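Summary of structural features
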Amino acid sequence: MAPTNNFGTALRGWRERLSPLAGGLGSAADRRSPGLRREELARLAGVSVDYVVRLEQGRARNPSAQVVTALARALHLDTSERDHLFRCARLAPPSNGDVSLHVPSSVHRLVRHMGDAPVAVYAADWTLVSWNRMWTAAIGDPRTYGWDQGNLVAGMFRSSDGHRVDSIAAWPVRSWAGDEAEEESLVADLRVTAATYPDDARLASLVDRLLHTSPRFAHLWSNGTAGLHTGDRKTVEHPVVGDLTLDLDVLMAPGSDLRIVAYTAVAATDDAEKLDALRADSHV
C-alpha cells in the first residue's frame, strides 16, 4: 500500500483556499474556481510548476526546508499550518524564536476550573508562570522556592556539591521513581525544548550555567536522552497534614508549549481527605 500523501493533500487544499487577490495576484472574477492555479503558486514560491504538480500528486515526497518555507509563505499559512506542512514533509518545524512565558486567557480559565486540584502552569523550559490556590496550599508558595528565575530545572540542580537539595519546593516533594529518574526525565524534556528554540538566549544561558555549576546536570545532559516529561507519583512531606501521596500529570496546552501540571489523589483515600482539608483551609 502506498503511503498517504499528507503533504500533497495539504498543499492542494491550501492552494485552492487562497484567492489570487489575497495572494497578491489580482481579481479572480473570471475563474471557475477561486483558488490559486498551480503555476501561480509555483511563481509565488519560486519553484517549477512541474514540481508543484509532483508534490500534490505524491510523486515528490522530500521537499527541502527551503521549499517548504517558500510554499508556506506563498500560501499565507499561519504558524500551526506551517508546522503541519513541515511535519508532512518529515522535517522539524522551524524555531519560533524564544520560549513564551505568556499564559493565554483560555489556559487561565482552565486552571481556574481545575480549582479542586493543585495546578500550575510552566513554560516549555520549565519556568513556573502561574499557579492556583490549591498549589500553594499543597506545595507551598512558589515565591518561597528560591529557584533561579522561577525555573524548576534550575531549582532542582541549584546545589554545586553534587548532592540534591532536600526541599525543591517549599517543603520536600519526593518522586516514587527516585531523584535520578525524575532529574533525567526533566533534563530530557529540556533538551527537546532547547532543540525547538535554538536561538533563545535565556534558555541557552540557563543550560550553559547549569553545565558549569552542576556536575549532575552536566552528566545527564551529556547522555543525549530526549523526551517529554509526562507524569510521576509524588509524596509531599506536608508540614500540616503530613505525608501526602499524589499523582502528577503533565498536560500540554493546545496551541502552545505550556505544561499544565496537576496533582490529584486517588478517590476515597486518606490522601484525598487530606487534600479536602487543605481545600477547606485555603477557602478554594
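Our structure's up above, just so we're on the same page.
Notes on the structure follow. For clarity, every value in this text was computed on a predicted model and none was experimentally measured.

**A closer look at helix 2 (residues 38-45)**
Residues lying three or four places apart along an α-helix face the same way, a consequence of the helix completing one turn every 3.6 residues. Listing the buried residues of helix 2 in full gives E40, L41, A42 and A45. On its buried face, helix 2 is in contact with helix 1 (6-17), helix 3 (49-57) and helix 4 (65-74). A positive backbone phi angle near 75° is found at G46, which sits one or two residues after helix 2.

**A look at unusual backbone geometry**
With a phi close to 70°, W126 is a non-glycine residue in the positive phi region. Classification of W126 as buried rests on a relative accessible area of 2%. Unusually for a residue other than glycine, A268 sits at a positive phi of about 60°. Residue placement: A268 occurs in the loop between strand 6 (259-264) and helix 12 (270-282). Using a relative accessible area of 83% as the deciding quantity, one classes A268 as exposed.

**Observations concerning the packing of helix 9 (residues 179-196) against helix 11 (residues 215-222)**
The contact between helix 9 and helix 11 brings their axes to 10 Å, and the two run at 60°. Note on packing geometry: the crossing formed by helix 9 with helix 11 is right-handed. The residues of helix 11 that touch helix 9, namely those facing E183, E184, V187, L190, R191 and A194, are R216, F217, L220, W221 and S222. For the contact of helix 9 with helix 11, a count of residues per class yields six nonpolar, one polar and four charged.

**With respect to the side chain of T127**
Summarising the element assignment, T127 is placed in the loop between strand 1 (119-122) and strand 2 (128-131). Classification of T127 as buried rests on a relative accessible area of 5%. Within the local environment of T127, its side chain forms a polar contact with the side chain of D125, the two groups lying 2.9 Å apart.

**Regarding the environment of G115**
As for its placement among the helices and strands, G115 is situated in the loop between helix 6 (105-113) and strand 1. The class for G115 is buried, based on a relative accessible area of 14%. C-alpha of G115 to C-alpha of M134: the two residues are 19 residues apart in sequence and 6.7 Å apart in space.

**Focus on the pattern of salt bridges**
Throughout the structure, instances matching the rule amount to 18 salt bridges. D83 is the partner of R82 in a salt bridge, and the nearest nitrogen-oxygen pair spans 2.8 Å. The same class applies to R82 as to D83, namely buried. Two residues, E183 and R216, come together in a salt bridge whose shortest N-O distance is 2.5 Å. Linking E183 in helix 9 with R216 in helix 11, this pair joins segments that are 33 residues apart in sequence. In this structure, E183 and R216 share a single accessibility class: buried.

**Overview of the environment of R112**
Here R112 is to be found in helix 6. On the basis of relative accessible area, R112 is assigned to the exposed category, the value being 58%. Expressed as a C-alpha distance, the spacing of R112 and D247, which sit 135 residues apart in the sequence, is 19 Å.

Criteria and thresholds
Residues numbered from 1 in each chain as written. Predicted model: local features only at pLDDT ≥ 70, side-chain atom pairs only at ≥ 80, totals over all residues. Heavy atoms only, no water. Buried < 20%, exposed > 50% of the residue type's maximum accessible area, 1.4 Å probe, protein only. Helix = DSSP H or I, 4+ residues; strand = E, 2+ residues; numbered from the N terminus. Contact = heavy atoms within 4.5 Å. Axes fitted to C-alpha atoms, helices over the stretch in contact; angles between N-to-C directions. Left-handed = near helix turned anticlockwise from the far one by under 90°. Nonpolar A, V, L, I, M, F, W, Y, C, P; charged D, E, K, R; others polar. Polar contact = N/O pair within 3.5 Å; in protein donor to acceptor, adjacent residues only side chain to side chain. Salt bridge = Lys/Arg side-chain N within 4 Å of Asp/Glu carboxyl O.

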